[in-house]
Every structure is written in C-alpha cells, then in structure tokens.
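Listed below, chain by chain, are the residues.
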Amino acid sequence: MLGYVMAEGRGVVDVLLAALAERLLAEGHRVTGAVQINTDLPNDVKCRMELQLLPSGERIQISQSLGALSKGCRLNPEGLEQAVFQTEQGLDAGAELVLINKFGKQEVEGRGFRTLIGEALARGVPVIVGVNAKNIAGFLDFAGEFAEELAPEGAALRDWCLETL
C-alpha cells in the first residue's frame, strides 16, 4: 500500500502526480496530500517551489530566495510543516488516498511527511510518493518491503490507486 514513482527529468514526477490528483479528485475520490508546482522565474533565478494541497488546491510556498549565488538548501521548512499539518487534517477527515510530492532530504532525516506516511499506512490508507535517485536509498531504508515501485505513467498510477482503494 506504499507506491513510489521515479522518473528521469526535472519536474516529470511533479507533473504526473498533479495530473493523477486532478483526475482522482474529479472522479470523487477523497485524496489528501500535496503535489509540487514549480514556477520558472526571470533572469535564470532558481524556480519558485510551491506545494498545492489536496483537496483544497491551496498553495504554500516552500522555497525561499537565498540569492543568485547561494548553494544552500532553499527549502522553507515552515511551509513544509504547514503542508504536513494540513495533510494530517485531511487524513483525519477520512481521506482514502495520500499523495506526497516527494520523499526528500527532510523525510530521509525523519522530518517532513515521514511520520504522516507511517500513520496513513497504519490506518490502511494507501500512499503514493515521488522519490528521486538521490533519496531512493533513504526511502527504501524507511519503507523496506512495503515499497512498490510504480511505472511513471499516468494510467499505471491511476490503476494502482483504484486497485488499492
């Protein structure tokens, strides 16, 4: 009941999960979680990262500007924690599926959506999460035998969801 998706190319998983969320919500499924929306900015400044909360559609900015030459982490942890809190509320309200944009560095280190993923699974609610190559080892350490890799295709993701609901 823990599916994960990986794909080559910047933002590919974000687009797949956002389309999946839109379709499932349109079909009347109770989905909670967050999908990532990146907006390119002028002058080659790094993109603005937002999480679109499900099912409300509210957006929370999770990136912060550290300057053009900065090499540090741009994540706004307060924005991420707000998204986690609202997703927890969706789970408590009876969501039947959780979609999480990414199992990233915060989750590998025990923060972010990590506890919520475990709580959803303990309640029998399936979870789909995006994972990138940099964090796959940490994700598999967390998920172990419960993780099921899903094809990075819209139809395959939807089929998995419908089979687990």
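Throughout what follows, the structure given in this document is the object of discussion. All residue numbers refer to position in the chain's written sequence, counted from 1. For a predicted model such as this one, the threshold for reporting local features is a pLDDT of at least 70, and the threshold for listing and counting side-chain atom pairs is 80 or more; totals across whole chains, interfaces and linings nevertheless cover every residue. Values shown for side chains rest on all heavy atoms present in the structure; no hydrogens or waters enter the calculation.

1. Comments concerning the overall build of the protein chain
Along its length, the protein chain carries six helices and seven strands. Exposure categories follow from relative accessible area, calculated using a 1.4 Å probe and restricted to protein chains: below 20% of the type maximum is buried, above 50% is exposed, and the middle band is partly exposed. Residue burial in the protein chain is summarised as follows: out of 165 residues, 42% are buried. For the purposes of this entry, the term helix denotes a DSSP run of H or I that reaches at least four residues, the term strand denotes a run of E that reaches at least two, and both are numbered from the N terminus.

2. Quick word on helix α1 (residues 12-26)
Multiplying 1.5 Å by the residue count of a helix minus one yields the expected span of that helix. Over its 15 residues, α1 runs 21 Å from end to end, which matches the ideal 21 Å to within 8%, given 1.5 Å per residue. Within the sequence span of α1, burial applies to V13, D14, L16, L17, L20, A21 and L24. Take α1 and look down its axis: the buried residues cluster within an arc of 165°, on one side only. Facing away from the buried side of α1 by more than 90 degrees, the exposed set consists of V15, E22 and A26. Whether two residues touch is decided by their heavy atoms; if any such pair falls within 4.5 Å, the residues are in contact. Elements in contact with the buried residues of α1: β1 (2-5), β2 (31-39), β3 (48-54), β5 (97-100), β6 (127-130) and α6 (154-164). The arc in question is traced by the directions running from the helix axis to the C-beta atoms.

3. Describing the packing of α1 against α6
Running from N to C, α1 and α6 cross one another at 50°; their axes reach a closest spacing of 10 Å. Classified by the interaxial angle, the pair formed by α1 and α6 is oblique. Relative to α6, α1 is oriented so that their crossing is right-handed. For the pair formed by α1 and α6, the contact residues are L16, L20, R23 and L24 on the first element and G154, L157, R158, C161 and L162 on the second. Polar here means any residue outside two lists: the nonpolar Ala, Val, Leu, Ile, Met, Phe, Trp, Tyr, Cys and Pro, and the charged Asp, Glu, Lys and Arg; Gly therefore counts as polar. For the contact of α1 with α6, the class distribution of residues is six nonpolar, one polar and two charged. Note on geometry: axes are C-alpha line fits, over the in-contact stretch for helices, and angles between N-to-C directions span 0 to 180 degrees. Any angle between 65 and 115 degrees counts as roughly perpendicular, while under 35 counts as roughly parallel, over 145 as roughly antiparallel, and the rest as oblique. The hand of a helix crossing depends on one turn: near helix anticlockwise from the far one by less than a right angle means left-handed, and clockwise means right-handed.

4. Describing the environment of R111
You can see R111 is positioned in the loop between α3 (105-108) and α4 (114-122). Between the C-alpha atoms of R111 and V84, which are 27 residues apart in sequence, the distance is 9.9 Å. Polar contact criterion, stated in full: a pair of N or O atoms within 3.5 Å, where within protein one must be able to donate a hydrogen and the other to accept it, and residues adjacent in sequence count only if both atoms are side-chain atoms. Reaching out from R111, the side chain makes a polar contact with the side chain of E109 at a distance of 2.4 Å.

5. Re the pairing of β2
Burial analysis of β2 places seven of its nine residues in the buried class, which makes it a mostly covered element. Following DSSP output, two strands are said to pair if at least two bridges run between them. Bridge count between β2 and β5: four bridges; the pairing is parallel. Of the residues in β5, the one forming a bridge with A34 is I100. Across seven bridges, β2 lies against β3 in antiparallel orientation. In the strand pairing of β3, V35 is matched with Q52.

6. Side note on the packing of helix α2 (residues 77-92) against α4
One can describe the packing of α2 onto α4 by two numbers: an axis separation of 10 Å at closest approach and a directional angle of 10°. Considered as vectors, α2 and α4 are oriented roughly parallel to each other. On α4, the residues that touch V84, T87, E88 and L91 of α2 are L116, E119 and A120. Partitioned by chemical class, the residues of the contact of α2 with α4 number four nonpolar, one polar and two charged.

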